[in-house]
Amino acid sequence: MAVELCLLLLLFCGSTISEVQPIYKPPPGTLDFGFVPAKTYDTGAYHEPGPIGILFKVVHAFLYLVQPNPFPQDLIRKLAQQKFGNTQGDYQKAIYYEIGFIVSAALGLLFILLLPLVGLCFCMCRCCDNCGGEMHQRQKKNADCQRSCFATFLFVASLIISIGVLCAYAANQHLTNQVRGAKKLVNSNFKDLKVFLNDTPAQIDYLVSQYNTTKDKALSDLNNVGPLLGSRVQEQLGKEVRPALDAALTMAGAIRETKEALENVSVSVEVLQEGTERLHGNLTDVKMHLSNTLNDSACAAAQAASTCNIIRNSLNQLNINANFSGLPGVSSQLAKVNDVLKIDLSSLVQKGYAAFNDTPDLVVNQTKNILSDIKNVLESIGSNISNFTKTLPVQKIIADLTVYLTQSEAYVQDYFPVVEQYDFYRWLGCLILCCMVVLIVIFYYLGLLCGTCGYDKHASPTTRGCISNTGGNFLMAGVGFSFLFSWVLMIVVVLTFVTGGNIEKLVCEPFEDKTLFKVLDTPYLLNQHWKNYLSGILFKNPNINLTFEKVYSDCKENKGIYTSLHLDHLFNINEFLNISMYTEDVALRIEHIQINLSKIILLDEIGKENLLNFSSSGIEGINFGAYLTEINKSVTKVDLLSFANDLEARADQLPKGALENALKGHANNIRMIHSQQVVPLEQAMSTLNQSIRLLKRTSSELTVKVKNVISAVNAAQLLINNNASLVIVQETKKYMDTIIGYFEQYIEWVKESIAMEVAACKPIANVIDTAVDIFLCSYVTDSVNTFWFGLGGSSMFLIPAIIFAVKLSKYYRRMDTEDVYDDVETIPLENMENGNNGYHKEHLYGIHNPVITSSVEQW
């Protein structure tokens, strides 16, 4: 049923997607499909035993000492294949592997056989007044030391027996508690299995519903074909178109700048010509007035003569330096440029920009019909998915599996009380065994207590008190019960030891390290005709490499059942994840997109003619050398400010008077001429300099530049008219691959989800872990092993306890006879320590025994 469900899941998903492998795959926009809905499983397949875990570890260490050999894979394989015993070496290997258990079991059987026999012989021996049965105690001087040692050893042995029985009781109670709590764990597993079944259809529906995400994204791109495809085409064509239009627009700006420069040159030359004439006249007047002043009689004086001569000699410097009257005019060039500017070249270029920027709108208008067909194809896919989902009996299969699971759960619930009832019987039996040991230990403790408290070292063996005598009787009672119960206890210990120890070594440990799975995965192990048993059961094809270990590990990692069971051999997802007929139709329709951009005019003939007229405007014929020669000259031969300052300084050297004042007046007049005439002329010369240099740069190879601009525009126009189809095809293919890429993302997401998330089989691994690791190993085996470990230890220490109890009881019980001497001081010590030489029956000598002895005391 589970396989059927998986096939249905994959078939359901396979009807919605395709496998397309284009040659070129651009990185499309990443789609967000969200997370496949998955509920959390409640079962935690891990058991923490608590404080008793320390005992479990001790038992594991003991079992390792008994059985340190590795797991016998070869022997298990031969046993499963019924080939065990074909060779003599098989038995030797088995014995070698089980030697620890065999020796331990043999010792246990020896204990079972000998201890009752020894007890029988011991009882008969005592009935014959031997083996300590004679109610006579020889007095020895180290009697107190022996009594203390026997009491100490018996107490230690009893204490060890008590610890052992406590361990056995704890293990017994732990197993019962875990069995009672197992119901909750079983219910949790069934709940997870139901979640596994109920959640799978919702996961399938979610995978199918996410096709809408892919479809919506594809439709969004189709609705935005202008910004997407049109912009791509525009971007590719723009690599040549935009530089050409930019160059034309730059040339239009150059025309305007040329006009402004020519106007500046014309105005500046006129200003300079008029200004230099006026400056020349003013400087001539200044020289004449200075000369008249210097001819004054005051300059004839000795103190002023030299200074006046120096000033007189510098008057020739007051002259203009630059001559702008001979510069050629630029009126003809200006007129031609004005004629060129009558046509707004910038406006024509902007029209070209606008036409080129309308490319996305052209794409939208020319692809309406094709895009409508593609949208219909996408809608038809969704309709087919909806129709197909209605025909699949998903709910019926889930319902059948749910009914089967419910019946299984009801079966377990019905029989669980039976399990608890039998566990109660087991618990009661184990409790009785523990009580047997407890009874023996109680007798020993009571014997030690009464014997120790009631013992009087001054009393003779025949006059010991009742309490001391009762303690000795308790000890002998413990000995008797030890002989009665010990062989029964050891039978249980041997049986549980052999069973629990081998389960731990042959099941639990190999399950934990997955060695058991490797044995199960042995070819031809479980079926001599099948190489792989699991694939033979599931797929009827034993040649598929499907192993128990891999399935368990994948489910443990909560992978999807498709990956875990390798259902690709039964249901190849690559064959079913195929809607190539849809994507091929979409791709074919997109490839048939035809876009005509011939209506785009970058620059018409008027604009080109305008450029040619500019190149023939004659600005390259301007005599830039003449202009630059005059511009590089200063306005006057001497700096008028410096001249005025120097004149004023020399006037200060003259004697105070009219001559000094006159010269200073001339200096101020020169400064005024500089500020009012020279400075404006310098500004005009600066403007003329900038304009001339701009015109020189513009005119440099102007014809070549214009031709290059026109050639670039023609080339871009040719690209649009003739070669745009190639660009459109390339960009259309990229656009198509982007659309198809959304489907590919959907395919990969579905594959990933099916492999890792859909029908995640963690509950299956949890069921196995619960049955084997938790219930069988942790609950049952560990508890049983701890039980026999404690009970066995207690049983073994019954032997020394018997010996010490028998020895010690002699010092506590009241004796019938004692050693009596006529002259104790003269009797050699050895006489007190030898047989019948040192004691006698009291009735033979007439010595009255104040304490009546009874035959009940003689056991």
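Residues numbered from 1 in each chain as written. Predicted model: local features only at pLDDT ≥ 70, side-chain atom pairs only at ≥ 80, totals over all residues. Heavy atoms only, no water.

Considerations on the overall build of the protein
Helix and strand counts for the protein stand at 29 helices and zero strands. Relative to its full complement of 859 residues, the protein shows a buried share of 46%. Here the contacts in the protein between residues at least 6 apart in sequence split such that 89% fall between residues at least 24 apart. Summed over all atoms, the accessible surface of the protein reaches about 42800 Å², with 58% contributed by carbon and sulfur. (Helix = DSSP H or I, 4+ residues; strand = E, 2+ residues; numbered from the N terminus. Buried < 20%, exposed > 50% of the residue type's maximum accessible area, 1.4 Å probe, protein only. Contact = heavy atoms within 4.5 Å. Areas by Shrake-Rupley, 256 points an atom, 1.4 Å probe, with all protein chains shown as cover.)

A short note on the packing of aromatic side chains
What the rule picks out here adds up to 21 aromatic pairs. Seen from their ring centres, Phe443 and Phe481 are 5.3 Å apart, and the 5° between their planes marks the pair as stacked. One end of the pair, Phe443, is in helix H13 (residues 394-454); the other, Phe481, is in helix H14 (residues 466-512), and 38 residues separate them in sequence. For Phe481, a relative accessible area of 25% translates into the label partly exposed. Centroid distance Trp788 to Phe789: 6.2 Å. Interplanar angle 70°. Geometry classified as edge-to-face. On the basis of relative accessibility, which here comes to 4%, the residue Trp788 falls in the buried class. (Phe/Tyr/Trp six-rings, centres within 6.5 Å; stacked < 30°, edge-to-face > 60°.)

Observations concerning the state of the cysteines
All chains considered together, the criterion is met by two disulfides. With its sulfur 2.1 Å from that of its partner, Cys508 forms a disulfide with Cys777. With the S-S dihedral at roughly -100°, the linkage between Cys508 and Cys777 falls on the left-handed side. With Cys508 in helix H14 and Cys777 in helix H26 (residues 762-796), this pair connects stretches of sequence that are 269 residues apart. (Disulfide = S-S within 2.5 Å.)

So, the environment of Leu448
Relative to the assigned elements, Leu448 resides in helix H13. Judged by relative accessible area, which is 8%, Leu448 ranks as buried. For the pair Leu448 and Phe155, spaced 293 residues apart in sequence, the C-alpha separation works out to 7.6 Å. The contact partners of Leu448, leaving out residues within four places of it in the chain, are Ala151, Leu154, Phe155, Leu475 and Leu808.

Focus on the nonpolar core
Membership of the largest hydrophobic core comes to 81 residues, with the highest contact counts inside it found for Leu318, Leu602, Tyr627 and Leu663. Top contributing element to this core by residue count: helix H7 (residues 225-294), with 20 residues. By size, the runner-up hydrophobic cluster in this structure holds 49 residues, among which are Val165, Ile440, Leu489 and Val806. (Core = buried A, V, L, I, M, F, W, Y, C linked by side-chain atoms within 4.5 Å.)

Topic: helix H2 (residues 53-66)
Here H2 is 14 residues long and its end C-alpha atoms lie 20 Å apart, about the 20 Å a rise of 1.5 Å per residue gives. The complete set of buried residues in H2 reads Gly53, Phe56, Val59, Leu63 and Val66. The buried side chains of H2 occupy one side of the element, clustering within an arc of 125° when seen end-on. Every exposed residue of H2 that faces more than 90 degrees away from the buried side is listed here: Ile54, Lys57, Tyr64 and Leu65. (Expected span 1.5 Å × (residues − 1). Arc of directions from axis to C-beta.)

What about the confidence of the model for the protein?
On average, residues of the protein score 77 in pLDDT, and 80% of them are at 70 or above. Between the elements of the protein, mean pLDDT differs from a low of 37, seen in helix H1 (residues 2-14), to a high of 92, seen in H2. A low-confidence stretch, residues 1-28 (pLDDT under 50), is modelled with 91 contacts involving residues beyond four sequence positions or located in other chains. Low pLDDT (under 50) marks residues 822-859, which in the prediction has 51 contacts with non-local residues, meaning those over four places away or in another chain. (pLDDT = per-residue confidence, 0-100.)

Considering the side chain of Lys559
For Lys559, the position within the fold is in the loop between helix H17 (548-556) and helix H18 (561-564). Judged by its relative accessible area of 18%, Lys559 falls in the buried class. Not counting the four nearest positions on each side in its chain, Lys559 is found in contact with Asp554, Ser564, Ala755, Met756, Ala759, Ala760 and Cys761.

So, the environment of Cys299
Tracing the backbone shows Cys299 in the loop between H7 and helix H8 (302-313). Residue class for Cys299 comes out buried when judged on its relative accessible area of 6%. Along the sequence, Cys299 and Leu659 sit 360 residues apart, while their C-alpha atoms lie 7.9 Å from each other. Contact partners of Cys299, with chain neighbours within four places excluded, come to Thr293, Leu294, Ala304, Ala305, Cys308 and Leu659.

With respect to the side chain of His666
With respect to the element layout, His666 can be found in helix H24 (residues 658-699). Discounting chain neighbours no more than four positions away, the residues touching His666 are His289, Leu290, Thr293 and Leu647.

Things to note about the packing of H14 against H26
Packing of H14 against H26 brings their axes to within 8 Å, and their N-to-C directions diverge by 145°. In terms of crossing hand, the pair formed by H14 and H26 is left-handed. Grouping the amino acids of the contact of H14 with H26 by side-chain chemistry returns 18 nonpolar, seven polar and four charged. (Axes fitted to C-alpha atoms, helices over the stretch in contact; angles between N-to-C directions. Left-handed = near helix turned anticlockwise from the far one by under 90°. Nonpolar A, V, L, I, M, F, W, Y, C, P; charged D, E, K, R; others polar.)

Quick notes on unusual backbone geometry
With a phi angle near 65°, Asn558 is a residue other than glycine that sits in the positive phi range. Its place among the elements puts Asn558 in the loop between H17 and H18. By relative accessible area, Asn558 is classed as partly exposed at 29%. In the Ramachandran plot, Ala759 falls in the positive-phi region, its phi being about 55° despite a non-glycine side chain. Structurally, Ala759 can be placed in the loop between helix H25 (702-756) and H26.

Brief notes about the packing of helix H23 (residues 640-653) against H24
The geometry of H23 relative to H24 is characterised by a closest axis approach of 9 Å and an angle of 170° between their N-to-C directions. The orientation of H23 relative to H24 falls into the category roughly antiparallel. Counted together, Leu640, Leu641, Phe643, Ala644, Asn645, Leu647, Glu648, Ala651 and Asp652 of H23 and Glu660, Leu663, Lys664, His666, Ala667, Ile670, Arg671, Ile673, His674 and Val678 of H24 form the full contact between these two elements. Of the residues in the contact of H23 with H24, the class split is eleven nonpolar, three polar and five charged. (Parallel < 35°, antiparallel > 145°, perpendicular 65-115°, else oblique.)

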